[in-house]
Amino acid sequence: MAVTLGELATRLGVALKGPADALVDHLAPVTSAGPGSLTFLGDRRLRRHLVETQAGCVILTAADAEHCPVPALLSNNPYLIFARAARILHPSPSVVGGVHPSAVVDPAARVDPTAWIGPCSVVETGALIGPRVFVGPGCVIGTDVEIGADSRLVARVTLCVGTRVGERALIHPGAVIGREGFGFARDGEQWVRMPQVGRAILGHDVEIGANTTVDRGAIGDTLIGNGVKLDSQIQIGHNVEVGDHTAMAANTGISGSTRIGRNCTIAGAVGMAGHLEIADGVHFTGMAMVTRSVSAPGVYSSGIPAMPSADWRRNVARFRHLDELVRRIKQLETQIDTMKQSNGREVT
Amino acid sequence: MAVTLGELATRLGVALKGPADALVDHLAPVTSAGPGSLTFLGDRRLRRHLVETQAGCVILTAADAEHCPVPALLSNNPYLIFARAARILHPSPSVVGGVHPSAVVDPAARVDPTAWIGPCSVVETGALIGPRVFVGPGCVIGTDVEIGADSRLVARVTLCVGTRVGERALIHPGAVIGREGFGFARDGEQWVRMPQVGRAILGHDVEIGANTTVDRGAIGDTLIGNGVKLDSQIQIGHNVEVGDHTAMAANTGISGSTRIGRNCTIAGAVGMAGHLEIADGVHFTGMAMVTRSVSAPGVYSSGIPAMPSADWRRNVARFRHLDELVRRIKQLETQIDTMKQSNGREVT
Amino acid sequence: MAVTLGELATRLGVALKGPADALVDHLAPVTSAGPGSLTFLGDRRLRRHLVETQAGCVILTAADAEHCPVPALLSNNPYLIFARAARILHPSPSVVGGVHPSAVVDPAARVDPTAWIGPCSVVETGALIGPRVFVGPGCVIGTDVEIGADSRLVARVTLCVGTRVGERALIHPGAVIGREGFGFARDGEQWVRMPQVGRAILGHDVEIGANTTVDRGAIGDTLIGNGVKLDSQIQIGHNVEVGDHTAMAANTGISGSTRIGRNCTIAGAVGMAGHLEIADGVHFTGMAMVTRSVSAPGVYSSGIPAMPSADWRRNVARFRHLDELVRRIKQLETQIDTMKQSNGREVT
C-alpha cells in the first residue's frame, strides 16, 4: 500500500521535512532502505548509514534530520512513530462476517454477524463471539467461551470451556487458553486429580504467542491483565495473575498462583516458582530462575553464561565445593589473624 | 451441582460434624468461602480464617474441627478428601457415543459405539477406539493407534501411527504423542534420518498436558507408566521410560533413552541428558540440569536463583575464574603452612 | 518389508560376508537382535553381544567382522549404513495425489496433481503446493505459502502467510512456521505492535519438530538453511538465520536477529540472546545460556549440574557472595605478602 508523506505526517501528528506528495510503499531497515522505503533511525550507531541513504523517507529526531539527504518525519521517538506508520502501510485485514460452510457452530452459540468463523473451526454451545472477531481456520472455541470485539485468532487456537478474551486480542496458532491445570492430591502412590473449576480471563489488547498455554484457575481464575503480551511457547499455570502491560518472551514458565505486577518485562526462558509475588516494574533477564518473591522494582538475573567447555568443567567442579572453599578461606583468615597477633606480640 | 453433606460423608467415608441435609454447591478456598461453599483447611497457617468462616462445610482434621463454627467433614488428609469431594460436585461429563458428521473416520478403523468422535477430527485406518472414549474436536488419531476405555482427548490432540493409550487417560489440547523422534546419522555435512520404527506406549491413568510432545521409540518403544502425570509444554525423547506415578511439571525436557523410576517428581523446566538412569523416588527441583544418573532417592537441585543484576554480574565474572581462585587459596594455604613451620622453627 | 542381504549390499555399496539370498525384515539393537533382524555394531563396548548374536545380519567394521558369527555388511561407518539400510526396510510411504473431500482448498491456490491434501486441512489463496507434497490431516497452509517437491507435513502443521518451504522437508505435528513475531514499540505504558512483514524461508531437506515455532521476519526474512534439523518445542525468533546443516535439540530458544553458522549442533534447552553471531562449527551443550557472540568453533557450555539439594543450597548461598569472597582472598594475599616481607626483613 502506497501512502504520501503528507498523509503520514498528518495521521502520525509529526512534522515533515520534504515534499508532501512523495510516496512510500514498503518498510526497510536503514541499512538497506532504497527509493520508496520508509525507514527510521533509532540506534545512533547506525547514523553513518544516513549520509548516503536513498530511502523514500526516514523517521528520526530533529537533531539527526540535519544530516539526512532525503525526506524525513521528525519525532523524539522514531521507533514508536515507525511502528505506527508501519500499521498505516500494513493495516490489519478487515473482517468480513460469516461462517465458512466447513465450520461447525453449535446452534446455542451466539456469533455476531460481523464476526468470521473460518474453515474447519468448531464453536461449542454457549460461546459468545463479539463484533468483527476473526476466528481463523482450525480453531476450537469451547463451551461458554466469550471473545470481545475485534479480536483475532489467527489459526488453530483452542479456547477451553469458560475462557474469556477481551477486545482486540491477537492469538497465534497453537495457543491453548483455559486448559484444566495441573493439580493433584496424593493418595498413597496414586495421584487424584483435583478438578480445576476456575477460568482463564484475558483483559483487552492481549497478545498470546504460538503454542503458548495458559491454564484456567483451580478455584478462582487465572488473570491476564490489559495490554499483556506473551510470546511463543510460554506456560502460565493455574491462578497466576499477570499485571497490565507486562510482557514475556518465549519459553518462559510461570508456576501456579504466582502474581506478577504491572509493567514487568520477563525475557526468554525464565522460570518462576509458584505462589510468588513480583512487584510492578520488575525486569528479569533471560533464563532467570525465580525462586523468591521480589518486592522492589529493578533488574534481576541469574544463570551462568556459556564459556568454553573445558573452562566450564573446571569451574563447575569447584562450584560443587564452594561451601567448603569458604570454610578454607575462613580458616586462612583465622590463621593469619593469629600469626599477626603473635607477630605483633613478638614485635611488642 | 448441589450435594448434601450426608451424601458427601457417606461417599467419602468420613465423619460429618453437622446437619446431614445441609447442601454445598461449589468449591472455594478457605480465605473466601461463603454459604454453600465446600472448602478445606490444609495449611495450618490459614487456621485464623477458620474462626470467622461462613463456609457451607469445611474439610479438616478432628483437631482443627474444635475451632470450626460451621459444619465439617473430618479427615487426616483434608486435601485428598477435598479433591475427591470436588469430583463429586464436578463429575466428568458422561460420553454420548457417536461420530460427528464433520469427522472423518476411515472405514477400517474400529470405533466402539459408546465412544464419541468430535467435529473435524480424523481417525485413520486400523485405529481402535475403546468404550466411552471421548475424542474432542480437531483431533488426529493415526494409523493403528489404540485408545483404552474411558480415555478423554480434550481437543486438537495428535496421536501418531501406532501409539497406544491405556484406560482413563486425560490428554489436553495440542499434545502430540508418538512423533517420529530426532535421530540422524552424519554423512559428511549431511544428516541422514534414521527411521524411527518403535511406538509410544502409555499405561493407564496417564495425563498429558497441553502442547506436550512424546516421541515414539527409534527401535523399541517409549514407555510412559501407569498413573504418570505430565504437565504442559514437556518434551519426552525417543525410548525414554517413565516409571509408574511419576509426575513432571511444565517445560521439562527428557532426552532420548533416559529411564526415570517410579514415584519421582520433576519440577518445572528441568532438563535431562540422554541415556541416564534415575532411581525410584527421586525429586528434582525447578530448572535442575541433570547430566548424570542418580542412583539414590532424595531431592536434587541446581541453578543459581535470580538476584539483582549488578550483584549477579559481579558474581558471574568471578565464577569464570573459580578454578583459578581455588589455586590461589591453595597457594595461600601452602604459604601459611610454610610460615607457620618457619615461625615454629623460630619459636623452637 | 523383507530384503535380501545381496540387495542391501548392492544398494548400500558395501561388502557382504554371508549368503546373498538371506532375508532381513526388521531392525533391532544388537543387544536383542534375533533371526530376521538387521542390526549394527557402532559402540565397541557392545562387542561382547556380538559373539553370541543370532541376528539376521550385523553391519560392522571389517575388524569387528572377524568375531561375528552371523552374516555381516562391512563399513567403516556402521551407524550411517544402518540408517540407510533402515530407509530401505522402511521406505517413506509414497504419496497418492488428490484432495480429501473434507479439505478446504481456495480456488486461487495451485496444488500439484501429484500432491495430497489430507482431511480437514485448509489451503488458502495463492498457496503453491509442489509435486508429491504430502499435507496430512488438520493442516493450515496460509496465503501465498510455497511448499517444494516431496515435502511432508505429517499432521496439524500451520504455515503462516508467505512462508516458503524447500524440497524434501519433514514437518511434524503442531509446528507453526511464519508466525508474526514478537515486536513492539513502547508508548508510555502501552505496547504498540510493530507489523512483522518479512517471511520465514526454509531451505531444502529441513526438518521441523513437533510444536516447534519459527517466526517470520520483522522486516527482511527469517532464514533456515539447507539440511537444518530442528527438534520439538523449539522457538526461533524473527530474523534469525540458521546456517546449513545445523541441528538443534528440543526446548531450545533463539532470540530475534541472532545468526548461527553452518554445521553447528545445539543441544536441548539452550537459550540464546538476540543479535548474536555464532560462528560455523560451534557446539553448545544442554541448557547452555548464550549471551555473547562466539567467533571460534569449539564446544561451549554453561549451567550447574544437579546435586543433592542440601549441598546445592549451601553452595548457592556462597555464590551470592562470590565477589566478596574474592576480595577476602585478595586481602589474605596482601596480608601474607606483607608478613613475608616483614619476616624477610626480620630474617635479613
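Residues numbered from 1 in each chain as written. Chains lettered and ligands numbered in written order. Predicted model: local features only at pLDDT ≥ 70, side-chain atom pairs only at ≥ 80, totals over all residues. Heavy atoms only, no water.

*Asks:* Can you break down the relation of the copies chain A and chain C residue by residue, with the values?
*Replies:* For the pair chain A and chain C, the relating rotation is 120 degrees, the translation along its axis is 0.0 Å, and the fit reaches an RMSD of 0.0 Å. Taken together, the turn and the small shift mark the pair as related by a three-fold rotation axis. (Least-squares fit on C-alpha atoms with pLDDT ≥ 70 in both.)

*Asks:* Let's hear about helix H5 (residues 309-319) of chain C: which residues, and what values?
*Replies:* Ser309, Trp312, Asn315, Val316 and Phe319 of chain C are the residues of H5 of chain C that are buried. Looking down the long axis of H5 of chain C, one finds its buried residues gathered within 125 degrees of arc, a one-sided arrangement. (Buried < 20%, exposed > 50% of the residue type's maximum accessible area, 1.4 Å probe, protein only. Helix = DSSP H or I, 4+ residues; strand = E, 2+ residues; numbered from the N terminus. Arc of directions from axis to C-beta.)

*Asks:* Give me the UniProt feature "active site" (unreviewed entry) in chain A: which residues, what numbers.
*Replies:* All names here are of chain A. The UniProt record annotates "active site" (unreviewed entry) at His238. Structurally, histidine 238 is set in the loop between strand S29 (235-236) and strand S30 (241-242). Residues contacting histidine 238, with those up to four places away along its chain left out, are Gly181, Phe182, Gly183, Gln196, Asp215, Arg216, Gly217, Ala218, Thr222, Gly256 and Ser257. At a separation of 2.6 Å, a polar atom in the side chain of histidine 238 contacts the side chain of glutamine 196. (UniProt positions renumbered as here; feature names shortened; annotations may be inferred. Contact = heavy atoms within 4.5 Å. Polar contact = N/O pair within 3.5 Å; in protein donor to acceptor, adjacent residues only side chain to side chain.)

*Asks:* Tell me what's going on with the domain arrangement of chain A, and back it up with residues and numbers.
*Replies:* By a widespread convention, an interface's size corresponds to the accessible area lost as its parts come together. Domain annotation of chain A identifies domain 1 (3-89), domain 2 (98-300) and domain 3 (309-347). Taking only C-alpha atoms, the centre of domain 1 of chain A and the centre of domain 2 of chain A are 37 Å apart. (Domains from an automatic or database assignment.)

*Asks:* Before we move on, can you summarise the interface of chain B and chain A with the specific residues and values?
*Replies:* On the chain A side, the residues contacting the 71 residues of chain B number 76 residues. Contact between chain B and chain A buries roughly 6,100 Å² in total, counting both sides, with carbon and sulfur atoms accounting for 64%. Among the secondary structure elements, those contributing two or more residues to the side of chain B that touches chain A are helix H4 (78-89), strand S28 (229-230), strand S31 (247-248), strand S40 (307-308), helix H5 (309-319) and helix H6 (322-347) of chain B. Counting residues per element, the side of chain B that touches chain A draws most heavily on H6 of chain B, which supplies 13 residues. Split by residue class, the side of chain B that touches chain A holds 36 nonpolar, 20 polar and 15 charged. (Buried area = accessible area lost by both parts, 1.4 Å probe. Nonpolar A, V, L, I, M, F, W, Y, C, P; charged D, E, K, R; others polar.)

*Asks:* An account of the packing of aromatic side chains is requested, with residue identities and associated values reported.
*Replies:* This structure, assessed with the given rule, holds 18 aromatic pairs over all chains. Aromatic side chains phenylalanine 182 of chain B and phenylalanine 184 of chain B sit 5.0 Å apart centroid to centroid with 85 degrees between the ring planes, which places their arrangement in the edge-to-face category. Assessed through its relative accessible area of 18%, phenylalanine 182 of chain B is described here as buried. A ring pair is formed by phenylalanine 284 of chain C and tyrosine 300 of chain C, whose centres lie 6.0 Å apart and whose planes are at 45 degrees; its orientation type is tilted. Residue phenylalanine 284 of chain C is found in strand S37 (residues 282-284), and its partner tyrosine 300 of chain C is found in strand S39 (residues 298-301); the two are separated by 16 residues along the sequence. (Phe/Tyr/Trp six-rings, centres within 6.5 Å; stacked < 30°, edge-to-face > 60°.)

*Asks:* Quick rundown of helix H1 (residues 5-12) of chain A? Include the residues and the values.
*Replies:* Residue and element names in this part refer to chain A. For H1, the full list of buried residues reads Leu5, Gly6, Leu8, Ala9 and Leu12. The arc that holds every buried residue of H1, seen down its axis, measures 165 degrees, which confines them to one face. Pointing more than 90 degrees away from the buried face of H1 are the exposed residues Thr10 and Arg11.

*Asks:* Could you give an account of the sheet that holds strand S6 (residues 57-60) of chain A, naming the residues involved and the relevant values?
*Replies:* Working definition: the strands of a sheet are paired by backbone hydrogen bonds and lie parallel or antiparallel to each other. Residue and element names in this part refer to chain A. Spatial ordering of the open sheet is given by S2-S7-S6-S5-S4, a layout of five strands whose pairing is mixed. Sheet topology places strand S2 (15-17) and strand S4 (26-27) at the edges, where each strand pairs with a single neighbour. Judged from the two bridges that link them, S4 and strand S5 (residues 37-40) form a sheet pairing that is parallel. Note that in S5 the partner of leucine 27 across the bridge is leucine 38. On the sheet, H1 packs against S2, S5, S6 and strand S7 (72-74) and is oriented at approximately 10 degrees with respect to S7. Helix H4 (residues 78-89) contacts S4, S5 and S6 of the sheet and is inclined by roughly 155 degrees relative to S5. (Pairing = 2+ DSSP bridges. Axes fitted to C-alpha atoms, helices over the stretch in contact; angles between N-to-C directions.)

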